[in-house]
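# A look at the structure
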Amino acid sequence: MSNAIATIPAATDSPETRQYNRLRRWLGVADFVLGLLFLLVLLATGWNGTLRDLAMHGAYERYTLAVVLYVLMLMLIGKVLGLGLDYYGFRLEHRYNLSNQKLRAWVWDETKGFLVGVALASIVVELLYFIIREFPQHWWLIAWAAFLALFVLMAQLAPVVLFPIFYKFEPLDNAELKSRLVTLSERAGTRVRGVYKWNLSEKSKKANAALTGLGNTRRIILADTLLEHYSADEIEAVLAHELGHHVHRHILKSIAVQALITLLGFWAANWVLHYAVERTHMFVTVSDFANLPLLVLVSTVLSFLLLPALNAYSRYNERQADRYAFQSIASVEPFISSMNKLADQNLAERSPARWVEWFFQSHPAISRRVVAAEAWAKQAATARK
């Protein structure tokens, strides 16, 4: 290995990058707080019960239809309350020259996102309250198993059902690059069902790539913004990292972790729900769907409390995937250059504050990933001597 890597000065974050990421974090915090307050106000004022009564009236006392109307009303109110923050996020991307999307296209995407969200949420909530009605004593265990199955199903269907609603995909027409990436995938022990160009530039100037789907829907997707500005070696390095997740079985491990967390969540929801029914008499029965905001609140609080631990676990997986990439490519230089390019193109912080990385980030800081690549290269060079 040449000494070039060792002598590259560490890139620093520009004031623009730090300001952009700081505003994105505050936007996320504001969105979280707004959602939390919405749930608390519903429960404290009893408006959740009022909305349930309206739903039952609108559905002519038909429970199943009333559940759908209740979900629709909750999500519509939530969307209206958060519309200002959503629009600020849209303007923020334009302010920092990261978006190509026009206002009309953004509104259409928001509309599609809302409709898809309502459809999926209605299915999930209908299933949940069906299980609660049929199995009131052990509903949380049965719901846990059902939701775990849905999670796996959605991971498999998302690339072919959900993603195309928002983005256009087409088979990659670069035969040489496609062959190179498929060969890399086969060496990693995974069979992909295709390599696709992801027309991300219609909406964003950022770059990205992913290995998506499960089983027959597993595919490589490469943003056109990545294909346009990155060399074949750099694209290979990015994909090698993604394949590292497969080699280390991170998907299966993540499903297992998610299963444990979901089990804890359903247990906590069951305890809180019975407390609300039997002690505080907030609801008459556990099958009263007016308690949906309470269940969502339990899930929200639990997710918040577990976020640092889950991010730490994710960063550990990302480091493992990076090491696999180092071993799989001829030189780590394309990995380093791709990391620096992605940081510049996406306005990602190379060296965030330690507390920011600890709490907010699912990936190690880019500066740490670059240092790890340099250290691996030096170690490999020493071993060859």
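Here's what I pulled together on the structure shown here. (Residues numbered from 1 in each chain as written. Predicted model: local features only at pLDDT ≥ 70, side-chain atom pairs only at ≥ 80, totals over all residues. Heavy atoms only, no water.)

## Thoughts on unusual backbone geometry
Backbone geometry at Asn97 places phi at a positive 55°, although glycine is not the residue there. Assignment of secondary structure puts Asn97 in the loop between helix H4 (63-95) and helix H5 (103-134). (Helix = DSSP H or I, 4+ residues; strand = E, 2+ residues; numbered from the N terminus.)

## Considerations on the pattern of salt bridges
What the rule picks out here adds up to 19 salt bridges. A salt bridge links Glu110 to Lys79, with the shortest nitrogen-to-oxygen separation between them at 2.5 Å. With Glu110 in helix H5 and Lys79 in helix H4, the pair connects residues that are 31 residues apart, well separated along the chain. With a relative accessible area of 23%, Glu110 lands in the partly exposed category. For Lys79, a relative accessible area of 24% translates into the label partly exposed. We note a salt bridge from Asp109 to Lys112, for which the minimum N-O separation is 3.5 Å. (Salt bridge = Lys/Arg side-chain N within 4 Å of Asp/Glu carboxyl O. Buried < 20%, exposed > 50% of the residue type's maximum accessible area, 1.4 Å probe, protein only.)

## A word on the nonpolar core
One finds Leu181, Ile220, Leu222, Leu226, Ile235, Leu243 and Phe335 to be the most contacted residues of the largest nonpolar core, which totals 40 residues. Within the residue set of this core, elements represented by two or more residues are helix H8 (175-187), strand S2 (195-198), strand S3 (209-212), strand S4 (219-223), helix H10 (232-247), helix H12 (292-328), helix H13 (333-346) and helix H15 (366-384). The biggest single contributor to this core is H10, with six residues. Not counting residues up to four positions away in its chain, the partners in contact with Leu226 are Ala207, Asn208, Ala209, Ile235 and Leu342. (Core = buried A, V, L, I, M, F, W, Y, C linked by side-chain atoms within 4.5 Å. Contact = heavy atoms within 4.5 Å.)

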